Amino acid sequence: MTTVLLIVHGLLAVALLGAITHQAASVLWPATRPAGSFTGRFRAVAAPGYANTVVVLYVLTAILGAVIYAEYRISVRVVLVEMKLDAANGSFELKEHLAAIALGMLPAYWWSWRQPDGRLRAPLTAMLAFVVWWNFLVGHIVNNIRGFGS
Amino acid sequence: MSRAFSLFAIVFAVVYPVVYAVSVWKNYALFTYHPALNEFGLGVEKPREGPAMYWYGWMATSSVVAGLAGLAACLLPEQAARRLWPGLAWVVPLCAMLFFAWLLRDYFLR
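No experiment lies behind these values; they were computed from the predicted model shown. (Residues numbered from 1 in each chain as written. Chains lettered and ligands numbered in written order. Predicted model: local features only at pLDDT ≥ 70, side-chain atom pairs only at ≥ 80, totals over all residues.)

## Focus on the overall build of chain B
- Helix and strand counts for chain B come out as 5 helices and 2 strands.
- The order of helices and strands in chain B, counted from the N terminus, is α-β-β-α-α-α-α.
- Radius of gyration (C-alpha) of chain B: 17 Å, far over the 13 Å computed for a compact globule of 110 residues.
- For chain B, buried positions account for 37% of its 110 residues. (Helix = DSSP H or I, 4+ residues; strand = E, 2+ residues; numbered from the N terminus. Rg over C-alpha atoms; globule rule 2.2 N^0.38 Å. Buried ≥ 20, exposed ≤ 12 C-beta atoms within 10 Å, placed from the backbone.)

This is the structure:
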């Protein structure tokens, strides 16, 4: 069951990664003319439309992550400690704290995308994108080191 | 977007990471989860069988305090609310993230 939840957690994270990266690229590096290239089209999305999706995907991903976190503490973290993989262990600790802090930013992030001036959009979206990328990569690496059921 | 929600969102974004950082540092978890036993306990409890998990409790503490602070901010008069710099909504969480990178530095420097 945990493995199924982990896979769903990973799939939701992939969708979230795509949405937040599109949005971050469009707000930090806006396309200035009709996009012709791949990167231009990547940046030229209608970014405000992603805000609801990002919030829903973030909350769902975080809930699933919180559910499987208990199993991680019992069966994975112990192995990381025994193998003295301090950097991996610390990276995962940081992942959980960043996930929690980003959860608290969500109302302000959502609100910022509904403001006409949108001064807060760039920093909040960039920080959220950083957290999502960090958490995705760390989760992926730790799962490679010691996946559930291995 | 209503003025009340904007105030709530900004104050929540400011208070939540501060309370979360203090909760982790001083261990002010609203509840403890014992994953090996699948049991919850109110407040901070010592590990029973297997590890004790405080992460859920830290988030609960932060959510309750930040939620109450956000609601209280909605009652502020407009004059006082205008003094609140919206940029704090990202500056404070950024400082909290850096704080945790510092707090966990030993994992990476051993």
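## So, the overall build of chain A
- The number of helices and strands found in chain A is 5 helices and 0 strands.
- Taken from the N to the C terminus, the helices and strands of chain A come in the order α-α-α-α-α.
- Seen through its C-alpha atoms, chain A measures out along the principal axes to roughly 55 × 30 × 30 Å.
- In chain A, once contacts between residues fewer than 6 apart in sequence are set aside, the share between residues at least 24 apart is 71%. (Contact = placed C-beta atoms within 7 Å.)

## With respect to the interface of chain A and chain B
- With 27 residues of chain A in contact, the opposing surface of chain B contributes 36 residues.
- Elements supplying a minimum of two residues to the side of chain A that touches chain B: α3 (51-82), α4 (86-112) and α5 (121-145) of chain A.
- Among the elements that make up the side of chain A that touches chain B, the one with the highest residue count is α4(A) (16 residues).

## Quick word on the nonpolar core
- Judged by nonpolar contacts, the single largest core of 75 residues is most densely connected at A:Leu16, A:Met105, A:Ala108, A:Leu124, A:Leu128, B:Ala13 and B:Tyr20.
- Looking at this core, the elements with two or more residues in it are α1 (2-28), α3, α4 and α5 of chain A together with α1 (3-26), α2 (55-74) and α4 (88-103) of chain B.
- If sequence neighbours within four positions are ignored, A:Met105 has contacts with A:Leu124, A:Met127, A:Leu128, B:Ala13 and B:Pro93. (Core = buried A, V, L, I, M, F, W, Y, C linked by C-beta atoms within 7 Å.)

## Brief notes about the confidence of the model for chain B
- Confidence in the prediction for chain B averages 93 pLDDT; 99% of positions are at 70 or higher.
- What the predictor reports for the complex is a pTM of 0.91 with an ipTM of 0.93. (pLDDT = per-residue confidence, 0-100.)

## Digging into the pairing of strand β1 (residues 31-34) of chain B
Residue and element names in this part refer to chain B.
- The pairing of β1 with strand β2 (residues 39-42) spans 4 bridges and is antiparallel. Pairing of His34 across the sheet is with Glu39, part of β2.
- The hairpin formed by β1 and β2 contains 4 residues between the paired strands, and Asn38 there has a positive phi angle of roughly 55°. (Pairing = 2+ DSSP bridges.)

## Describing the packing of α3(A) against α4(A)
Residue and element names in this part refer to chain A.
- Between α3 and α4, the shortest axis-to-axis distance is 10 Å and the interhelical angle comes to 160°. Taken as axis vectors, α3 and α4 run roughly antiparallel relative to one another. The element α3 and its partner α4 pack so that their crossing is left-handed. Counting all contacts with α3, which are made through Ala51, Val55, Tyr58, Ala62, Gly65, Arg77, Leu80 and Val81, the residues of α4 involved are Ala88, Asn89, Ala99, Leu103, Leu106 and Trp110.
- Counted by class, the contact of α3 with α4 contains 11 nonpolar, 2 polar and 1 charged residues. (Axes fitted to C-alpha atoms, helices over the stretch in contact; angles between N-to-C directions. Parallel < 35°, antiparallel > 145°, perpendicular 65-115°, else oblique. Left-handed = near helix turned anticlockwise from the far one by under 90°. Nonpolar A, V, L, I, M, F, W, Y, C, P; charged D, E, K, R; others polar.)

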